[in-house]
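Structure at a glance
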Amino acid sequence: MKRIAALFACLLATGGAKAAPLPIAAYLSEVAIQDPIVAPDGSAIAFMSLHDRHRTIRVLPRGNGPSIDTSAGSADLDALEWIDSRHLGLFTRTFVDASAVSPNQIGQQLVSFRLSDRNTALILARTPNVAPLVAGGTLQYGRRDGKPSVFLRGLSAGPSFSLYSADADTGLGTLLDKGSFDAEEWAVSSDGRVLAAKQLDPMQRTSRLLVHDWDERRLVTLPEADEPFSLQGMGLHKDTFAVIQDGRLYEVTASGAVSKSLAPEGAQVTAVIHRNDTGLLVAAKVAGAAERVVFFDPDLARAYEQAIKPFHGAMTNFVASDDAYRELIIRTEGPTDAGSYYWVHLSLGTAELIGHARPMLDGQPLGVVRPLSFKAQDGLEITGRVTLPPDGALTALPAVVLVHDLGIAAPSPGFDAEAQALASRGYAVIEVNYRGTIGAGAAAQAAGRGELGFRMQTDVSDAVHHLVEAGLVDTKRVCIAGSGYGGYAALSGVIFQRGFYSCAIAINPVADFGPMTVYPDSNQRGARWDSTQLWRRALGEERLDRDSLAGLSPIRHAAAASAPILIIYDDLDDDFHKDNAERMGQALQRAGKPVAIIRRDLKTNALGLRQDRSDILSDMIEFLGR
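Residues numbered from 1 in each chain as written. Predicted model: local features only at pLDDT ≥ 70, side-chain atom pairs only at ≥ 80, totals over all residues. Heavy atoms only, no water.

Right, let's talk about the side chain of D323 for a bit. Here D323 lies in the loop between β23 (315-321) and β24 (327-334). Despite being buried, D323 has no salt bridge partner; R275 is the closest side chain of opposite charge, sitting 4.8 Å away. Only 3.2 Å separates the side chain of D323 from the backbone nitrogen of D277, close enough to count as a polar contact. Excluding residues within four positions of it along the chain, D323 makes contact with P40, R275, N276 and D277. (Helix = DSSP H or I, 4+ residues; strand = E, 2+ residues; numbered from the N terminus. Buried < 20%, exposed > 50% of the residue type's maximum accessible area, 1.4 Å probe, protein only. Lys, Arg positive; Asp, Glu negative; His and termini not counted. Salt bridge = Lys/Arg side-chain N within 4 Å of Asp/Glu carboxyl O. Polar contact = N/O pair within 3.5 Å; in protein donor to acceptor, adjacent residues only side chain to side chain. Contact = heavy atoms within 4.5 Å.)

Taken in spatial order, the 3 strands line up as β20-β21-β22 in an open sheet, and their pairing is antiparallel. With partners counted over all chains shown, the strands left at the sheet margins are β20 (268-274) and β22 (292-295), one partner each. Shown here is a sheet whose adjacent strand axes are inclined to one another by a mean of 30°, direction ignored. (Pairing = 2+ DSSP bridges. Axes fitted to C-alpha atoms, helices over the stretch in contact; angles between N-to-C directions.)

With the rule as written, the count across this model stands at 1 disulfide. There is a disulfide in this structure between C479 and C503, and the S-S distance comes to 2.2 Å. A torsion of -130° about the S-S bond marks the disulfide between C479 and C503 as left-handed. A residue pair is termed long-range when its members are at least 10 positions apart, and C479 in strand β31 (residues 473-484) and C503 in strand β32 (residues 503-509) qualify at 24 residues. (Disulfide = S-S within 2.5 Å.)

We now examine the packing of aromatic side chains. For the structure on display, the rule yields 12 aromatic pairs. Consider the rings of Y434 and Y485, whose centres lie 5.2 Å apart with planes at 55°: the pair is tilted. Residue Y434 is found in the loop between β30 (428-432) and α5 (442-446), and its partner Y485 is found in helix α7 (residues 485-495); the two are separated by 51 residues along the sequence. Members of the aromatic cluster, joined through ring pairs, are Y434, Y485, Y488, F513 and W535. (Phe/Tyr/Trp six-rings, centres within 6.5 Å; stacked < 30°, edge-to-face > 60°.)

Turning to the pattern of salt bridges, a few remarks are in order. Throughout the structure, instances matching the rule amount to 28 salt bridges. One network of salt bridges, in which partners are shared, links D378, R435, R455 and D459.

This part is about α7. Counting buried residues in α7 gives 11 out of 11 residues, a clear majority hidden from the surface. By the burial criterion, the buried members of α7 are Y485, G486, G487, Y488, A489, A490, L491, S492, G493, V494 and I495.

Mapped onto the elements of the fold, A561 is located in the loop between α9 (546-552) and β33 (565-570). Those residues in contact with A561 that sit more than four places away from it in its chain are V494, I495, R498, L588 and K593.

A sheet is described by the order of its strands in space; here 4 strands give the open sequence β9-β10-β11-β12, paired in antiparallel fashion. At either end of the open sheet lies a strand with only one pairing partner, and these are β9 (139-144) and β12 (173-177). Across the sheet, the axes of successive neighbouring strands diverge by a mean angle of 40°, strand direction being ignored. Of the pairings in the sheet, the one linking β9 to strand β10 (residues 147-156) comprises 6 bridges and is antiparallel in character. Paired with Q140 across the bridge in β10 is F151.

Quick look at the structure:
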């Protein structure tokens, strides 16, 4: 790592001596409390407590009953969910030898934890010819034949995906609907009846919706026939189901009728919330000026408003509730609050503090987050946010532009560890909802079609211009960084926008568009298929010829790079990112351009896992010249 400092020292130096900022670990250390969840009957809450990579699962009953504390052992525990009020679902990140059903070693496992006797059962274990993995797509809870059950997509021999019901007490799976490798998602009733399925149509190179109406099957055409969509389980009513397409939430009936968008006009849906007992849709998380929860039942909306009243003046976020919406978890954030959790008892009119997510930051001044809004070159309204240093410096700041990947929702207004850590080092951190961003609004998302490498790129630089004109940012000290598409934008910033940025940081970048636009073969469908559709949509069908793709690919223009570049990539990545990163680095070296290349075992393309994030951020800060 010393060679990076030698090559690129003081690229974006932040000025004279200042008080030493908190260590990166204060921002990116394992959180003391991970989002608590409420049992469906409101009898208890559960959460993970993490200390020095040791995870403890804690269950706190309502009232003064005894708590349950159990160690997660060496398991790499990702999350908790309630299967029902007597069973917790523990999601562990594990690389499993699934060679009996698939050549890949992939996955996340789900363990059912029974509170009464602490018995555990691995979901889909002992199910013949099925890998004991959560294979993405459908994951719902209910009761089948009177037993608490998990409904999930399973990976079986072939390989192929099918829908299974797994007993929460034994983990044993039963086939519900035989699929294929093209099957992706299902909507299932709370008693395990299949309502609909999302499947890939390789001939038409699109996805299709197949409605199961008892013994009948019918295809449904959604409003935007060529847009990818996600099947999100049951709808507001029995025998309906929910679909998210292009940021809009639709309810589809068994007869194939499609409702108008359920979300408010101009807002985009990023997630949905279902009742645990019935499986019915009750709310949606939407992104706009700020992320918020929209409840479709007026009584639930009033309950939520009542729950957040005691926190007037603080930024509040809905985390979880029981099925009756009388016991809620609320997260607060503020200028000196990096995340606190409260258990609100609406029946009693009281709220109790569960704990702080990051105790190391408790009471410490945080960077000031300001909304960003400006007109792009073509007049389109673009939004985003800028995080400013906590010391109050407001003029001619060095800046880091963080560009998010394609298909990623606009950043929420809450605590952002990377942005806060960089701001604590004296940087203005700019995040832009470039056109095409989920949650940026319907007009901005629609305007992204065919603009990759064009206005999607200039939306980001327009944001920098806006902040330079406002006096906040020093035009000579701006670095652009990101992963995936953000890595492409970073490379493009110093290659196609010569002289504009002082440096670039590309994490698992896309440098050659050739592989990105080719539909995968039958053994790689699923999420990769939707990803290909996403990239083709952003590029525009008229730019998919070889010459156009070459003109947009940074790897073909390495000699034009006008500033130092840091490339970080995952040596274990099993697709094109490793190849793109290595070839891009070699092209820059051949051209005699200043480039540093770091190979890491990231395990994720995005800035996702805690240790990955900490390592990457350390690399970034050293590169920036601190």
